[in-house]
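A structural walkthrough
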Amino acid sequence: MEPQRTAPPPSRSGGNYNTIRAAIMAVVMIVFTGYIFLWVMLPTNPYRLKWQPKLRTQTASTYFGTTHGATYLVFTFPVLLIAVLGCVYVHLGKKSSDNHTAGKNGNNNNQRLAIWKRPMIIKGLGIVSRIEIAFFIMFIALLIWSFSIYLRNSFATITPKSAAKKGEQVWEVKLDSASHRLAFIGNIAFAFLFFPVTRGSSVLPLFGLTSEGSVKYHIWLGHIVMTLFTAHSFGYIIYWASVHELSEMLDWPKTGISNLAGELSLVAGLILWATTFPRIRRKMFEVFFYTHHMYIPFVVFFIFHVGINYTSMMLPGFFLFVIDRYLRFLQSRSNVRLLSARVLPSQVVELNFSKTKGLSYTPTSTIFLNIPSISKMQWHPFTISSSSNLESDNLSVIIKGEGKWSNKLHQLLSSPSIDRLDVSIEGPYGPTSTDFLRHELLVMVSGGSGVTPFISIIRELIHMTENLKCKTLKIILISSFKNSNDSTMLDLILPLCGAPPEFPNLDLKIEAYITREKGVPHEEQENTKTRTVWFKPNPSDAPISPILGQNNYLWLGAIISSSFIIYLIFIGILTRYYIFPIDRNTNKKYSSTSRALLHMLFLCIGVFIAATSAFLMNKSKNAKEKNIQIQNMEGPTPQASPNSSFYNANRELESLPRQSISQSVNLHYGERPDLKRFLFERKESSVGVLVCGPKKMRHEVANICSSGLAGNLHFESISFSW
C-alpha cells in the first residue's frame, strides 16, 4: 500500500508574503470601517452641521468646486483605495504558496468559523450562512437607522405654523419630507449595488467572495433599491397631486434636481425589475437578458436627476463595474480556438477549447459563452469542467440542453457536416483558491447537469494525487439522473486529452441514481455512444488567454488608479478653465445636465485610455505564446492526418482508463439517494459537503448539514447558480 503523502512546509518567501498580506488587510479593515462609519453618521446633525461644512471649506478649490472635492475624499477615494490594495493582496496570495497545500495552516480558523458558515434556509433569500444573515441584518439596521434619524430631524422642524406658511397641511409636508428621505435610504443600497456583479473585481476575493456566489447579494440589493425608489417616486406623485402641482413631474431645471429625469430613470428601473423575478427569468430568459440592459438609462437618468456631485457618493461601485465591463468587452471581441466537442445522447455536449499555458483557474470557475450563429447578443454562463493543472493547454465546458439556446447548440453539433463554430468567451471567473484537502472526505451531491462543477474538482484532485505530494482524499460523488442517457455525463470525468495513462490513485466512489427507470434499458448500444467532433479552426482564432484581473491583479490595480487619475485631471482642467469662469464671471449658471454629461464622458475616456493601453501591452506579451501554440496544434497540415494533434488525441481517447471509472460507479435504478443516511453515517472528523442541483435537493442537503446532528459535516457555500 502506498504511504500517505503530505504537503511540503511553506517557504520563507511565502511567510513574507503572508505578513505583507496581513498588513494590507489591517489597512483595508481600518479604511472600510471608516467608510461604513461615514454612512452611519451621514444622517446625523454632527455630520451635516459640523463635519461636512468644515470638510467642504478645507477641500474647496477652483478645480473641483466647493463640494465635489469633499465627496471624492470621503466617499470615492476610500473604496478605490480598498480596490487597489485588494489587487495587491490577491496577487500576493497567489504567489505565497500553492492554493491547495494551505489546508492545515487555515484549519484552526476554519474550525472557529464553522458554526457561522452553517447553512440556513430563509424564505425569500434561499440558502444562506449565518455570516450572511448577520451582515444582512446589520445592513437593514443601517437603512432603518438612517431613515429614522432623517425623519426625526426633519419632522422636528415641521409644525402647523410652518406648514401654513407654505399653504399646506402638516401631513402633506411630512409626506414630502418622508418621500425625500426614502431616496436617501435607497442611495445607500444603490452605492453597493454594482459590487457583486463586477466579475473581475479585486474587492470580492479580498473579502473571500466570488462573482457567481455574490449574484444573490446583487438581487437582494436590487429589490431594496427599486422598492425604496418606487416608494420615493409614488410618495412625491401623491404629494404633488394633493397640493395641485402635478406639473412638477415635467420639471427639468437648468440646475438642481430634475424630476423628469428621475421619472425616466424609474421607468427604466421598473422595466428591468419586472423581469428579474425567478419565474419570469427562468421561463423567458431572453426577455430578462435584454431588458437588463435598461440599467444604462436607469443610471444615466439617475445622474441627471440628482446631479454629479451627489452621484459621486455612489460612484466607486459603478466605476469599478465600468472598468470590468470594458475589459470583458475587449476580451470578447475575438473568436477563441474551439478544438473539439463530445456529443452525448442525452442532449449534453462538452466543448474543448485551446488555452494559453499562462491562463490558470480554480475548480468550479465559470466562463460566459457567445455563439453568434445562435445569438449575437446572448451570453450564457457555464461551469468549467477541466483543470488548468491537469490540462495545461485545454479548457472545457459541459452544456446540457435545457433551453432554446443550449438545444440549438446541440442540434448544430449533431449535424454531420459541421466542421467549424465561431465562439467568443468572457472569463474565466471563480474563487481565487480552493482548499478541499482540509477535509478527510469530500461528499459531492448533484442532480442532472449539476455534476459539471464536480468533474472539475475530480480532475483537479487527479492532478494533485498524481503530480503533487498531497494526501489522498476520499471522494464520494452522489449523482441523480432522470434516465440512463443522462448518466453518460459521468463518462466525461476523464478529459479528452491530458488524462494519466493509468487510472489515478484516487479514492473515488460514485453512487449514480437513475430515478425514472426500473432497470437497465434494452436499447441499441449505438444510441448511447459518445460522438467526438473535431473542428478546423480559423487561423485568426486564438487560444483563450488571461483577462486582466483574475489572472493579473497588479495590472487591474494599475488600471483602476490610472483611469481615475486621468478622469480627475480632465475634470479639474474642465472645471478650472471652463465651468468656473461661467459660474463666477457671468450671470449664468452652468447646466447640471451638461456637467453630468461631461463627467460621464471623461470617466469613460479615462477607463478607455487606461484599460486599452494595459490590454494591448498584455496582448503583445501573449502573442508569442499563442503563435507557438497555434503552430503546434495545426501541425504540418490543418487536416486530421496521422501526424496531427487531432489524430493523436483521438487515439489517446481510445486508450483512456474508462473501465476503471465504470468500476467506481454503483448504479441504482428506480430510487432516490437517502442523503441523510449517506451523510450521518460518515465517521470522518471532517466531511466537506458540496451540492449542485435542483432547489429541493440543495435545501435538503443544507437542512441536513445545519441540523447539528453531525458536527463533522461542513457545508461548502459555493454557488453554482446564476
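Residues numbered from 1 in each chain as written. Predicted model: local features only at pLDDT ≥ 70, side-chain atom pairs only at ≥ 80, totals over all residues. Heavy atoms only, no water.

1. Regarding the sheet that holds strand 7 (residues 394-400)
Taken in spatial order, the four strands of this open sheet run 7-4-3-12, and their pairing is antiparallel. The outermost strands of the open sheet, each flanked by one partner alone, are strand 7 and strand 12 (531-534). Ignoring which end each strand starts from, the neighbouring axes of this sheet average 20 degrees apart. Pairing of strand 3 (residues 338-343) with strand 12 involves four bridges; the strand directions are antiparallel. (Pairing = 2+ DSSP bridges. Helix = DSSP H or I, 4+ residues; strand = E, 2+ residues; numbered from the N terminus. Axes fitted to C-alpha atoms, helices over the stretch in contact; angles between N-to-C directions.)

2. Focus on the packing of aromatic side chains
The relative placement of two aromatic rings is captured by the distance of their centres and the angle of their planes. By the definition in use, this model includes 40 aromatic pairs. An angle of 65 degrees between the planes, with centres 5.2 Å apart, marks the rings of W39 and F75 as edge-to-face. Note that W39 is positioned in helix 1 (residues 12-41) and F75 in helix 3 (residues 68-96), a separation of 36 residues in sequence. Here W39 and F75 have matching classes, each one buried. Judged by centre distance (6.1 Å) and plane angle (75 degrees), the rings of F190 and F194 are edge-to-face. Here F190 and F194 have matching classes, each one buried. Through successive ring pairs, a cluster of aromatic residues spans F190, F194, F229, Y295, F298, F302, F318 and F321. Over the face of the ring belonging to F368 we find R199, whose NZ or CZ atom lies 3.6 Å from the ring centre. Over the ring of F678 we find R677; its NZ or CZ atom is 4.8 Å from the centre of that ring. (Phe/Tyr/Trp six-rings, centres within 6.5 Å; stacked < 30°, edge-to-face > 60°. Buried < 20%, exposed > 50% of the residue type's maximum accessible area, 1.4 Å probe, protein only. Lys NZ or Arg CZ within 6 Å of the ring centre and 35° of its normal.)

3. Some thoughts on the nonpolar core
Counting 96 residues, the largest nonpolar core has W39, F190 and F319 as its most contacted members. If we skip the residues at most four places from it in the chain, W39 touches F75, L142, S146, N187, I188, A191, F192 and M313. The next biggest cluster of nonpolar side chains, apart from the first, holds 33 residues, and it includes I458, L461, I462 and L508. (Core = buried A, V, L, I, M, F, W, Y, C linked by side-chain atoms within 4.5 Å. Contact = heavy atoms within 4.5 Å.)

4. Examining helix 15 (residues 315-332)
For helix 15, spanning 18 residues, the distance from its first C-alpha to its last is 26 Å, which sits close to the expected 26 Å at 1.5 Å a residue. Burial within helix 15 is extensive, with 16 of its 18 residues counted as buried. (Expected span 1.5 Å × (residues − 1).)

5. A look at the sheet that holds strand 6 (residues 380-383)
Pairing is antiparallel across the open sheet formed by three strands, whose spatial order is 6-5-8. Of all the strands in the sheet, just strand 6 and strand 8 (424-429) have a single pairing partner and so form its edges. Averaged over all pairs of adjacent strands, the angle between strand axes in this sheet comes to 25 degrees, irrespective of strand direction. Across four bridges, the pairing between strand 5 (residues 366-370) and strand 6 is antiparallel. By the bridge assignment, T366 is partnered in strand 6 with T383.

6. Side note on the pattern of salt bridges
Where charged atoms from two side chains of opposite charge approach closely, those side chains can pair. What the rule picks out here adds up to 16 salt bridges. For E684, the salt bridge identified is with K474, shortest N-O distance 3.9 Å. Of this pair, E684 sits in the loop between helix 22 (675-680) and strand 14 (687-692) while K474 sits in strand 10 (residues 474-481), and the two are 210 residues apart along the sequence. Residue K474 is classed as partly exposed on the basis of its relative accessible area, which comes to 39%. (Salt bridge = Lys/Arg side-chain N within 4 Å of Asp/Glu carboxyl O.)

7. Details of the packing of helix 10 (residues 259-274) against helix 13 (residues 295-306)
The N-to-C vectors of helix 10 and helix 13 enclose an angle of 160 degrees; their axes lie 8 Å apart at closest approach. When the axes of helix 10 and helix 13 are compared, the pair comes out roughly antiparallel. By crossing handedness, the relation of helix 10 to helix 13 is classed as left-handed. Facing N259, A261, G262, L264, S265, A268, G269 and L272 of helix 10, the residues of helix 13 in contact are Y295, P297, F298, F301, F302, F304 and H305. Broken down by class, the residue content of the contact of helix 10 with helix 13 amounts to 10 nonpolar, five polar and no charged. (Parallel < 35°, antiparallel > 145°, perpendicular 65-115°, else oblique. Left-handed = near helix turned anticlockwise from the far one by under 90°. Nonpolar A, V, L, I, M, F, W, Y, C, P; charged D, E, K, R; others polar.)

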